[in-house]
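So the chains spell out like this:
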Amino acid sequence: MDYRNKLVLAPMGTLPLRLLAAEYGADITYGEEIIDHKMVKCERRVNENIGSTDFVEKGTETVVFRTCLQERNQVVFQVGTSDAVRALNAAQLVCKDVAAIDVNMGCPRSFSISGGMGAALLRKPELIADILTTLRRNLDIPVTCKIRLLKCPQDTVELARRIEKTGVSAVAVHGRKVADRPRDPAKWNEIADIVAALSIPVIANGDVFEYGDFERIKVATGATSVMAARGALWNASIFSPVGKLDWEDVKRQYVRKSILWDNDVKSTKHTLKEMIMHYSCLELPEGKDVIKSETLADIARLYGEEKYYQFVNENRTMLNGGHRQGKFMVAPEI
């Protein structure tokens, strides 16, 4: 995995969003954070029905992580953890099906922090070193981490230097502190301090909403690569050098990808709601109908994709033959 001069999808996407972002131009696509406790309860299964590789929780039969050959060389599995051995066990389960492993050290949600994960790790440099060193010594694929800024800029620089010494391939830096909210401006100048102190690639993240922002943050920080989060969630075509497409078109393509890969309906609804809240309003008829939808068939009907839904489900064998060969197979326009 080369981390230089890359456009990166932040860890927020299930398979349909990752593949869509990649089609529009994302070079590296992070999967949404998976907690190690959850992952170690899973078993790897090849899903012949849709041509994917699924990691399924034993007992509940819940698909915790789904990937496919098409994204094998660009997908990063992000793990939420507070324990080196457990992190390694989770990573070893999935390492042959992804391009790299990333450790989440930036999530400020109470769930993560109360479990000693996410941003809670920023206060435990020795544990950080233990987790990253354990992963590096035992995996044959790159290991990275994603951090937030500490209260004191120099403290963040010192932590980043310690992280570099573990041998990780890159570090992603969200230019906000734990107490900052999304409305607070990202501190690109503090990312620049980290870039200046390290020799490994730094992936800058924060306030990337247009294609032009990729170059602006790169110039401002000196970062090797740039990661888009909310901007990509709202409109995955942010990665296209020709400019963003109309969100209605992107939304339709996302719905089709969700149908094609039999995405969990709750996940599909979450992404659609995020798009609607940004561009429109959940209180309007579309938003209310998305909330009421219980299946992908409901979503297909809502967006006029009934024929596409029917075609995909009647032609899984043909479509998935291509998926298993690592090809981007799509149903024809209907």
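These numbers come from a predicted model, not from an experiment.

**Q** Could you give an account of the overall build of the protein, with specific residues and numbers?
**A** Check the secondary structure of the protein and you find 15 helices and twelve strands. Here the C-alpha atoms of the protein give a radius of gyration of 20 Å, agreeing with the 20 Å that 2.2 N^0.38 yields for 334 residues. If one aligns the C-alpha atoms of the protein with their principal axes, the spans along those axes are about 55 × 40 × 35 Å. The burial tally for the protein puts 56% of its 334 residues in the buried class. Residue pairs at least 24 apart in sequence account for 65% of intrachain contacts in the protein once pairs closer than 6 positions are excluded.

**Q** Can you tell me about the UniProt feature "domain: DUS-like FMN-binding" (unreviewed entry) in the protein, naming the residues and giving the values?
**A** UniProt's entry tags residues 33-279 with the feature "domain: DUS-like FMN-binding" (unreviewed entry), counted in the numbering of this structure. The span residues 33-279 carries 41% helix and 22% strand; its end-to-end C-alpha distance comes to 25 Å.

**Q** Please provide a residue-by-residue account of the sheet that holds strand S6 (residues 63-67), values included.
**A** Read from one edge to the other, the open sheet built from three strands follows the order S4-S5-S6, with strand pairing classed as antiparallel. Lying at the two open borders of the sheet, with one neighbouring strand each, are strand S4 (42-47) and S6. Within this sheet the neighbouring strands show an average axis-to-axis angle of 20 degrees, counted without direction. Examined bridge by bridge, S4 and strand S5 (residues 52-57) share six bridges and lie antiparallel to one another. The residue of S5 that forms the bridge with arginine 44 is phenylalanine 55.

**Q** Tell me about the pairing of S5, and name the residues and values.
**A** Among the six residues that make up S5, six are buried, leaving the element largely enclosed by the rest of the structure. Neither face of S5 is open: one carries Ser52, Asp54 and Val56, the other Thr53, Phe55 and Glu57, and all of them are buried. Hairpin connection, S4 to S5: the antiparallel pair is bridged by four residues, and glycine 51 has positive phi, about 80 degrees. Strand direction decides the pairing type here: S5 and S6, joined by four bridges, are antiparallel. Across the sheet, threonine 53 pairs through a bridge with threonine 67, a residue of S6. Between the end of S5 and the start of S6, which pair antiparallel, lie five residues, with glycine 59 showing a positive phi angle near 100 degrees.

**Q** Go over the packing of helix H10 (residues 247-260) against helix H14 (residues 306-314), please, and point to the residues and values.
**A** Two numbers describe how H10 lies on H14: the axes approach to 10 Å, and their chain directions differ by 25 degrees. The pairing of H10 with H14 is recorded here as roughly parallel in orientation. The element H10 and its partner H14 pack so that their crossing is right-handed. For the pair H10 and H14, the contacting residues are Arg256, Ile259 and Leu260 in the first and Tyr308, Tyr309 and Val312 in the second. Across the contact of H10 with H14, the residue classes break down as five nonpolar, no polar and one charged.

**Q** With reference to specific residues and values, describe helix H5 (residues 125-138).
**A** Here H5 spans 20 Å end to end across 14 residues, near enough to the 20 Å set by a 1.5 Å rise per residue. For H5, every residue scored as buried is listed here: Ile128, Ala129, Ile131, Leu132, Thr133, Thr134 and Leu135. Of the surrounding elements, those touching the buried residues of H5 are helix H3 (84-94), strand S8 (100-105), strand S9 (143-149) and helix H6 (153-165).

**Q** Describe in detail the state of the cysteines, supporting the description with residues and values.
**A** Taken as a whole and assessed by the stated rule, the structure comprises zero disulfides. We note that cysteine 145 lacks a disulfide partner, and the nearest cysteine sulfur, in cysteine 107, lies 15 Å from it. With a relative accessible area of 0%, cysteine 145 lands in the buried category.

**Q** Provide a residue-level description of the pattern of salt bridges, including the pertinent values.
**A** One pass over the structure, following the stated rule, counts 22 salt bridges. The salt bridge partner of lysine 257 is glutamate 23, with a shortest N-O separation of 2.6 Å. With a gap of 234 residues between them, lysine 257 in helix H10 and glutamate 23 in helix H1 (residues 15-24) connect regions that are remote in the sequence. For lysine 257, a relative accessible area of 6% corresponds to the buried category. Residue glutamate 23 is classed as partly exposed on the basis of its relative accessible area, which comes to 44%. The residue arginine 161 makes a salt bridge to glutamate 158 at a minimum N-O spacing of 2.9 Å. In this pair, arginine 161 and glutamate 158 are both assigned in helix H6, three residues apart and thus about one turn of the helix distant. Its relative accessible area of 39% is what places glutamate 158 among the partly exposed residues. Within this structure, Glu43, Arg45 and Glu61 form a network of salt bridges that share partners.

What counts, and at which threshold
Residues numbered from 1 in each chain as written. Predicted model: local features only at pLDDT ≥ 70, side-chain atom pairs only at ≥ 80, totals over all residues. Heavy atoms only, no water. Helix = DSSP H or I, 4+ residues; strand = E, 2+ residues; numbered from the N terminus. Rg over C-alpha atoms; globule rule 2.2 N^0.38 Å. Buried < 20%, exposed > 50% of the residue type's maximum accessible area, 1.4 Å probe, protein only. Contact = heavy atoms within 4.5 Å. UniProt positions renumbered as here; feature names shortened; annotations may be inferred. Pairing = 2+ DSSP bridges. Axes fitted to C-alpha atoms, helices over the stretch in contact; angles between N-to-C directions. Parallel < 35°, antiparallel > 145°, perpendicular 65-115°, else oblique. Left-handed = near helix turned anticlockwise from the far one by under 90°. Nonpolar A, V, L, I, M, F, W, Y, C, P; charged D, E, K, R; others polar. Expected span 1.5 Å × (residues − 1). Disulfide = S-S within 2.5 Å. Salt bridge = Lys/Arg side-chain N within 4 Å of Asp/Glu carboxyl O.

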